[in-house]
Amino acid sequence: MPAIKIQTQGMHSCRRPKMQFLEIFTRSLIILCIALAIILSSISVCDGHWLFANAKVFGLWHFCIMEQHGVPNCTTDLNVASIDGLQVGLIFSRTAVSFGVVAAIFGLELLIVSQVCEDPHSRKKWSFGSQLVLLSFALSATGMLSFVIWLWNQVSFMGFTLTYWCQFTAVFLFFLNGISGLHIHSLMHLPIVHPGNM
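From a predicted model like this one, the values you see are computed outputs, not experimental measurements.

K.L.:
Outline the overall build of the protein chain, listing residues and values.
P.N.:
In terms of regular secondary structure, the protein chain is built from 4 helices and 4 strands. Counting helices and strands in the order they occur from the N terminus, the protein chain gives α-β-β-β-β-α-α-α. Counting only residues that meet the buried cut, the protein chain has 37% of its 198 residues in that class. Within the protein chain, residue pairs in contact and separated by at least 24 positions form 66% of the contacts whose partners lie at least 6 positions apart. With the model as given, the accessible surface of the protein chain reaches about 12100 Å², and the carbon-plus-sulfur share is 71%.

K.L.:
With reference to specific residues and values, describe unusual backbone geometry.
P.N.:
For Asn 54, which is not glycine, the phi dihedral falls at a positive 55°. Here Asn 54 lies in the loop between strand S1 (49-53) and strand S2 (56-59). Positive phi, close to 60°, is recorded for Ala 55, a residue that is not glycine. Here Ala 55 shows up in the loop between S1 and S2.

K.L.:
Account for the pairing of S2, with residues named and values stated.
P.N.:
Inspection of the sheet shows S1 paired to S2 by 4 bridges, in the antiparallel sense. In the strand pairing of S2, Phe 52 is matched with Val 57. The antiparallel hairpin formed by S1 and S2 contains 2 residues in its connecting segment, where Asn 54 sits at a positive phi of about 55°. Between S2 and strand S3 (residues 63-66), which pair antiparallel in sequence order, lie 3 residues.

K.L.:
Please provide a residue-by-residue account of the packing of aromatic side chains, values included.
P.N.:
Counting across every chain of the model gives 10 aromatic pairs. Geometrically, the ring pair formed by Phe 58 and Phe 63 is tilted, given 5.2 Å between the ring centres and 50° between the ring planes. The class of Phe 58 is buried, set by a relative accessible area of 3%. Taking relative accessible area as the criterion, Phe 63 reaches 2% and is therefore assigned buried.

K.L.:
So what's going on with the sheet that holds S1? Residues and values would help.
P.N.:
Taken in spatial order, the 4 strands make up an open sheet running S1-S2-S3-S4, and their pairing is antiparallel. Strand pairing shows two members of the sheet lacking a second neighbour, S1 and strand S4 (72-75), which therefore form its edges. In this sheet, neighbouring strand axes are inclined to one another by 20° on average, regardless of whether the strands run parallel or antiparallel. Bridge count for S3 against S4 is 4 bridges, and the pairing is antiparallel. Note on S4: the bridge partner recorded for Phe 63 is Thr 75.

K.L.:
Tell me about the confidence of the model for the protein chain, and please be specific about residues and values.
P.N.:
Per-residue confidence for the protein chain gives a mean pLDDT of 82, with 84% of residues at or over 70. In this model, residues 1-19 is a region of pLDDT below 50 whose contacts with residues beyond four sequence positions or in other chains number 3 contacts. When the criterion is pLDDT under 50, residues 190-195 qualifies, and its contacts beyond four places in sequence or with other chains add up to 4 contacts.

K.L.:
With reference to specific residues and values, describe the nonpolar core.
P.N.:
Most often, soluble globular proteins have nonpolar side chains that are buried together. Core analysis: the biggest nonpolar cluster contains 38 residues, and Phe 58 and Phe 147 have the highest contact counts within it. Those elements that place two or more of their residues in this core are helix H1 (2-47), S1, helix H2 (86-116), helix H3 (122-150) and helix H4 (162-187). Discounting chain neighbours no more than four positions away, the residues touching Phe 58 are Gly 48, His 49, Trp 50, Leu 51, Ala 53, Phe 63, Ala 81, Ile 83, Leu 86, Phe 147, Leu 151 and Gln 154.

K.L.:
Which residues make up the side chain of Ser 140, and what values do they have?
P.N.:
Along the polypeptide, Ser 140 turns up in helix H3. Given a relative accessible area of 0%, Ser 140 falls into the buried group. If we ignore the near neighbours within four places in the chain, the residues touching Ser 140 are Ala 96, Val 97, Gly 100, Gln 167, Val 171 and Phe 174.

K.L.:
Could you give me a rundown of the side chain of Gln 167, with the residues and numbers involved?
P.N.:
Along the chain, the position of Gln 167 falls in helix H4. Its relative accessible area of 0% is what places Gln 167 among the buried residues. Sequence-distant contacts of Gln 167, defined by excluding residues within four places in its chain, comprise Ser 41, Ser 44, Val 45, Trp 50, Val 97, Ser 140 and Met 144.

Criteria and cut-off values
Residues numbered from 1 in each chain as written. Predicted model: local features only at pLDDT ≥ 70, side-chain atom pairs only at ≥ 80, totals over all residues. Heavy atoms only, no water. Helix = DSSP H or I, 4+ residues; strand = E, 2+ residues; numbered from the N terminus. Buried < 20%, exposed > 50% of the residue type's maximum accessible area, 1.4 Å probe, protein only. Contact = heavy atoms within 4.5 Å. Areas by Shrake-Rupley, 256 points an atom, 1.4 Å probe, with all protein chains shown as cover. Pairing = 2+ DSSP bridges. Phe/Tyr/Trp six-rings, centres within 6.5 Å; stacked < 30°, edge-to-face > 60°. Axes fitted to C-alpha atoms, helices over the stretch in contact; angles between N-to-C directions. pLDDT = per-residue confidence, 0-100. Core = buried A, V, L, I, M, F, W, Y, C linked by side-chain atoms within 4.5 Å.

Quick look at the structure:
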């Protein structure tokens, strides 16, 4: 019996570092992907030119008409587009995606702090940070969908610009990594069953 216990303890001592390394690697990968998503979303929101249709560029902040020689004539007065409710609709869209970026930044900060500072509240910080990332997904997705809804008659698949697809990628990363963060948090609360107790 003592020999079996010693062997079992030896197996546990060999397995534990691998589990720790895998957990640290996964959490670091989640943090890295969220940081990348924030960069993509920030670029997309600051540029704001999301749709090109009929020699016109529709954006979160500007409306542009392509003149001769491809020179854009842009204005911040979105009523020039002659689309009912576009001014109010795009205000809602850019507000949603902007708050989405802010929520993601705070979520990323909590995730990093939970890994750098080990304390009794580290897991709560990780969980709350993951929830903020999911909130960012909800806000960003809402902003993107409302943009498409307001410009539905102008939308075409090939009309979406590169910055729009950057935002789409960022939204996908927010969702994927927010869910992954909560999943890892739930796994850490599962009871560990040792072979000797079976």
